[in-house]
Amino acid sequence: MTDTTDCLAADRLRMTPGPTEIPAPVRERLAEPAPNPDLEPEFFACYRNLTDKLTRIHMAGPAGSADAATDRDTVVLGGEGILGLEAAIASLVSPGDRVLCLSNGLYGDGFADFVEQYGGEPVRCGVPWDETLDPDAVEAAIESADEPFDVATMVHCETPTGTLNDLEPILDVLEARDIISVVDAVSSLGGAPVPTDRIDVCLGASQKCFSAPPGLATCTISDRAWERIERVETASLYTDLEPWRTAADEDEEWFPYTHLASNVLGLDAAADLLLEEGLESVFERHREAAARCRNRATELGLDPYPTSLADCSPTVTALEFSGSATDLQERLRTEHDIVVATGLGELEDDIVRIGHMGHNARPERVERTMDALATVLE
């Protein structure tokens, strides 16, 4: 019989790039009596307050402003973050539509898979996984296409490889051609500035930099994206964004399906923590944690996976360990009670990923992790 106490180890340090450690105020909110999300007005009010807070967090990007937030809505879906990515494609892409899928990693490629799944034609524009998206290549792909694109997809932080794409030059190219932009910001939102004011559909999730439990996907949607969503016939109920435009409105108060009440309360508490700390302070805390992690890695003679340090994400560090990553992961867990992640797919045994995001973006947690890694490598 398996002993389940090990998985509940109170002192274990989980430095993973999601799901992240859940702080006490969020856990306490989760333990509150759960309201009926279909019947109690208080829950609808809580949901509306949460979406307002999430919009404020989104708009704390490089050029975000309160004025820019007026032409977009934020909705919270009941499902893990990948639901947001699929829902965006299901709601924006009709059979036969050609979609420009920009990719430098696993999740960028995943958008193309969703486009195919919903009958669209993905046109891939990619670079090697250890590099970041190239605006010149994007422009060339658009110029050489036989037909114009209505939608383009991309990822801000590619978590499996620790890269952070500079979205502004890419968005310049798309805006000049009136192409709707869909951005996976799941691993950056709440930990790094995201230019949401320039993004048509910006996607997040509860279990990354928010440090809330997995189970909720967030979508901030522009007016012009809503207009396209209303024109697209979506075959699925659960992945259709259109009904959410009026969900929880004061004059209607309904949801397309029963919401995850306790998860919503937990995310609300997590959003409060970010706003109380102040987003600029939150971003600086992530930058400092990332810098400390990489400085310690340099001292150990380790190289980050991205080709350039400038391409590294402030929320996750990927270090190269060709052929030994899974062994190091196991030793850190069994010998030091620290959980880190390895790479995904073909890179599973070649990359160790340290998540300094959300509640774990703190120097003392990074130091404990890197001290343990140094010991394992002796």
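I will try to describe carefully the structure that is included in this document. Along every chain, residues carry numbers that run from 1 in the direction the sequence is written. Note on the predicted model: pLDDT of at least 70 is required for a residue's local features to be given, and 80 or more for side-chain atom pairs to be given and counted; whole-chain, interface and lining totals, by contrast, use all residues. Side-chain measures were taken over the full set of non-hydrogen atoms in the model, leaving aside hydrogen atoms and water.

## Description of the sheet that holds strand 10 (residues 216-222)
Within a sheet, adjacent strands bond to each other through the backbone by hydrogen bonds, running parallel or antiparallel. One requirement defines pairing of two strands: DSSP has to find at least two bridges between them. For the purposes of this entry, the term helix denotes a DSSP run of H or I that reaches at least four residues, the term strand denotes a run of E that reaches at least two, and both are numbered from the N terminus. In space, the seven strands of this open sheet follow the order 2-10-9-8-5-3-4, with mixed pairing throughout. Lying at the two open borders of the sheet, with one neighbouring strand each, are strand 2 (72-78) and strand 4 (121-126). With direction set aside, neighbouring strand axes in the sheet form an average angle of 20°. By the bridge criterion, three bridges tie strand 8 (residues 180-184) to strand 9 (residues 201-205) in an arrangement that is parallel. Bridge pairing in strand 9 links Asp184 to Leu203. Any two residues having at least one pair of non-hydrogen atoms within 4.5 Å are treated as being in contact. Here an angle of 0 to 180 degrees is reported between the N-to-C directions of two axes, which are lines fitted to C-alpha atoms, with helices fitted over the stretch in contact. Where helix 3 (residues 82-92) meets the sheet, it contacts strand 2, strand 5 (151-155), strand 8, strand 9 and strand 10, and its direction lies at approximately 155° from that of strand 9.

## Details of the environment of Val26
Along the chain, the position of Val26 falls in helix 1 (residues 24-30). In contact with Val26, other than residues within four places in its own chain, are Ser211, Ala212, Pro213, Gly266, Ala269, Ala270 and Leu273.

## What about the packing of helix 9 (residues 279-299) against helix 11 (residues 363-377)?
Helix 11 packs onto helix 9 with a crossing angle of 20° between their chain directions and a minimal axis gap of 9 Å. In terms of orientation, helix 9 lies roughly parallel with respect to helix 11. Between helix 9 and helix 11 lies a crossing of right-handed hand. Every residue of helix 11 that contacts helix 9 at Ala289, Arg292, Cys293, Arg296 and Ala297 is listed here: Val366, Glu367, Met370 and Asp371. Any angle that is under 35 degrees is reported as roughly parallel, and any over 145 degrees as roughly antiparallel; angles of 65 to 115 degrees are reported as roughly perpendicular and all others as oblique. Should the near helix be turned anticlockwise from the far one by less than a right angle, the crossing is left-handed, and should it be turned clockwise, the crossing is right-handed.

## Quick look at helix 9
What a helix should span is 1.5 Å times the count of its residues minus one. Spanning 21 residues, helix 9 covers 30 Å between terminal C-alpha atoms, matching the ideal 30 Å at 1.5 Å per step. Throughout, exposure labels follow a simple rule: accessible area from a 1.4 Å probe, protein chains only, divided by the maximum for the residue type, with under 20% read as buried, over 50% as exposed, and the rest as partly exposed. Among all positions in helix 9, only Leu279, Val282, Phe283, Arg285, His286, Ala289, Ala290, Cys293, Arg294, Arg296 and Ala297 are buried. Along the axis of helix 9, the buried residues cluster in a sector spanning 160°; they form a single face. Summarising the geometry of helix 9, the exposed residues directed more than 90 degrees from the buried face are Glu280, Thr298 and Glu299. Those residues of helix 9 that are buried lie in contact with helix 2 (41-58), helix 8 (261-277), strand 11 (316-320), strand 14 (351-355) and helix 11. Among the residues trailing helix 9, Gly301 stands out with phi positive, at a value near 75°. Taken from the helix axis, the directions to the C-beta atoms give the arc we talk about.

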